[in-house]
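Per-entry structural report
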Amino acid sequence: MISRRKFIQFGAIAIAVPTKLLANITTKKFNFKSPVLNTGVRNGNKVVFDLTIKSGWKQFFNDIKTPTWGISQDFLGQTLQVNPDDEVHFAIKNTLKETTTIHWHGAKLPAKADGGPHQPIKPNTTWNTNFKIIQPPATLWYHAHQMHKTGEHVYKGLAGMMIIKDNHKDLPSDYGVDDLPIIIQDRDFDKRGFMRYISGMRDRMMGKTGSVILVNGVVKTKLKAKKSLLRLRLLNGSNAKIYNLSFKGGESFHIIGSDGGLLEKPILTNKLTLAPAERIEILVQVAGKNLQLIHTSSSGGTGMMGSMMSRSDNSNIMQIDGSKAKTSNKKIPKNLSIHTKFDKVDKTREFNLEMKMGPMAMLGNAFTINGKAMDINVLNEIVQAGSVEIWKIRNSSMMPHPFHIHNVQFKIIKRFGKIAGAELGFKDVVLIHPNEVVEVIMKFPDYSDKNSPYMYHCHILEHEDGGMMGQFVVI
Ligand code: C2O
Ligand code: CU
Ligand code: CU
C-alpha cells in the first residue's frame with residue numbers, strides 16, 4: 001500500500017513547475033560550454049577511444065544536483081573527433097546497472113558496429129568495436145539505442161557529438177573557439193530539480209518534450225564570442241521537439257552543412273527547421289552584435305491534434321554576445337564540396353508511417369510502419385550491398401515524424417513543396433509532415449552481413465520505442 005506521505009510527495013512532484021528553479025539561475029555570466037574534445041589515442045590512421053557509460057550528478061540549477069547519465073562525463077558525452085579514412089576503435093564500458101547501447105548516428109559502417117538494439121552492452125561489460133570512416137567530413141552524433149529504452153536513456157544523457165573533421169581552408173575550425181557544438185535539448189524538471197521523463201499518455205503519444213532548454217547541458221546559455229565569424233554545429237538532441245530557429249530581429253546567416261556533411265554551396269537564409277536528430281551547420285557574423293537564437297512555435301493543425309501540438313512554446317535557445325569578438329581570418333566560402341550524383345536506381349520501396357490515437361492506441365501497437373510494430377525477431381527488408389534505392393515514405397498520421405535510416409546518407413528527391421536549405425544536402429533524417437509522401441534516394445555501402453540488421457525508424461524516441469521502427473539487412 002502506498003503511504004500517505006509517499007502519496008503527497010508524488011502528488012507534489014507531479015504538479016511541480018520549474019519556474020522557481022529557473023529563477024534561481026544567474027543570467028549575467030557567460031556559461032556556454034563546449035563538451036570536452038576527445039581526439040582519441042592516435043597511431044597513424046588508427047584512433048582508439050576509451051569511453052565509459054556512467055551515472056553522475058550535474059548542476060543544472062544553482063545549488064541543486066541532478067542525477068544524470070553520461071559518457072565519460074556526468075551528462076552527455078565528450079565530442080569525439082576523427083578524420084576521413086581513419087580506422088576508429090572503441091572500447092565502451094557500461095558501468096550502469098542496466099543494459100544500453102551506443103549507436104553511431106549518421107555513420108556508414110558494418111552492421112555489427114552500428115550499436116543498435118542488436119549490440120547491447122550489459123552492465124559491467126565493455127563493447128569493443130571498430131569501423132573505418134568511409135564518408136566525407138560531417139557532424140554526426142552517438143546515442144543510446146536500447147530496445148524500448150532509447151527515449152529514457154537519451155533523456156538521462158546518453159548522447160554526444162562526433163565530428164569528422166574537414167580541412168576547408170575558409171571555414172572556422174578551432175573547436176570551442178569559432179567552431180562550436182550546439183546540442184539543443186529540452187527537459188522537464190520536478191521541484192527537487194530531478195529530470196522528469198514520461199508522465200502520461202500525452203508524452204507517450206506526442207513524444208516527450210520539456211519546458212527547459214539546454215544547450216550542451218546548460219540552462220539559459222550565454223556565449224561570449226571570441227571570433228567575428230562563428231560556425232555553429234546545431235544538433236537537435238531532443239527526444240521529440242521540432243525547433244524553428246532564427247535570430248531575434250531576423251539576422252541572416254549561411255547554412256553550410258546538413259546531416260551528411262557540407263553542402264555544395266553556402267545558402268543565405270534567416271531561419272531553419274531542426275527536427276529531432278537533424279544536424280545543420282551555419283556560419284554567422286557576430287561582431288558587435290548581441291544575438292538571441294530563438295525557437296518560434298509553428299501554428300499547429302486543426303482539430304484535436306492541432307490543439308495538442310500548437311501549444312505555444314516560443315523559447316530562447318541561447319544568447320551570443322559578439323561585442324568582444326576579434327576579427328576572424330575565416331570567411332564564407334563560395335564553394336564547399338562536390339556531391340556525387342546517383343546514376344541508377346536498382347529498387348524502390350514504400351513505407352507507410354501509422355499512428356493510432358485515443359482509445360484505439362490502448363489496443364496496442366499504436367505506432368507501426370507498413371502495419372507492423374517493430375519486432376526484434378522480424379526482419380522487414382533485405383537490401384543488396386552497393387545498390388541504389390528510392391524509398392517512398394508516406395505519413396498517414398496526424399503529426400510529423402522525422403524518419404531516419406541507419407548506415408546511409410540520402411538525398412531528398414521529392415516532397416510537398418520546394419526542397420531548400422539544408423535539405424539540398426545529404427541527410428539521414430527527414431521530417432515527413434502529415435499526409436506527405438517524401439522520396440529519398442541513397443546508395444548502400446558495400447558492407448554486407450546477413451545476420452546483423454540495421455534500423456529505420458521515427459526519431460521521435462517515444463515513437464521509436466513504441467514500435468515505429470523496422471529492420472533491414474544488407475547482403
Ligand atoms: Cu539516431 Cu536509430 O538512431
Ligand atoms: Cu542512426
Ligand atoms: Cu514519429
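About the thresholds
- Residues numbered from 1 in each chain as written.
- Chains lettered and ligands numbered in written order.
- Predicted model: local features only at pLDDT ≥ 70, side-chain atom pairs only at ≥ 80, totals over all residues.
- Heavy atoms only, no water.
- Buried < 20%, exposed > 50% of the residue type's maximum accessible area, 1.4 Å probe, protein only.
- Helix = DSSP H or I, 4+ residues; strand = E, 2+ residues; numbered from the N terminus.
- Pairing = 2+ DSSP bridges.
- Core = buried A, V, L, I, M, F, W, Y, C linked by side-chain atoms within 4.5 Å.
- Contact = heavy atoms within 4.5 Å.
- Salt bridge = Lys/Arg side-chain N within 4 Å of Asp/Glu carboxyl O.

Notes on the pairing of strand S12 (residues 179–187)
- The buried fraction of S12 amounts to nine of the nine residues, a majority that puts the element mostly inside the structure.
- Where S12 meets strand S16 (residues 229–236), six bridges bridge the pair, whose relative direction is parallel. What sits directly across from Ile-184, in S16, is Asn-236.
- As paired elements, S12 and strand S13 (residues 212–215) share four bridges and run antiparallel to each other. Bridge pairing links Gln-185 to Leu-214 in S13.

As for the sheet that holds strand S11 (residues 159–164)
- Spatially, the five strands line up as an open sheet ordered S1-S6-S11-S10-S8, and their pairing is mixed. Strand pairing shows two members of the sheet lacking a second neighbour, strand S1 (37–38) and strand S8 (103–105), which therefore form its edges.
- Note that strand S10 (residues 138–143) and S11 share six bridges and pair antiparallel. By the bridge assignment, Ala-138 is partnered in S11 with Ile-164.

Points about the nonpolar core
- In this structure, Trp-104 and Trp-391 are the most contacted members of the largest nonpolar core, which totals 86 residues.
- With six residues, strand S3 (residues 46–61) is the single largest residue contributor to this core.
- Excluding its chain neighbours within four sequence positions, the residues that come into contact with Trp-391 are Arg-349, Phe-351, Phe-403, Ile-405, Val-438, Glu-439, Val-440, Met-442, Phe-444, Tyr-456 and Phe-472.
- Counting residues in hydrophobic clusters, the runner-up holds 36 residues, among them Ile-182, Val-286, Ala-325 and Ala-422.

A closer look at the pattern of salt bridges
- The tally for this structure, following the rule as stated, stands at 25 salt bridges.
- The shortest N-O distance in the salt bridge between Glu-152 and Lys-149 comes to 3.3 Å.
- Across the pair Arg-233 and Glu-281 runs a salt bridge, and its minimum N-O distance is 3.4 Å. Residue Arg-233 is found in strand S16, and its partner Glu-281 is found in strand S21 (residues 279–285); the two are separated by 48 residues along the sequence.
- Each of Asp-166, Asp-179, Arg-231, Arg-233 and Glu-281 takes part in a single network of salt bridges with overlapping partners.

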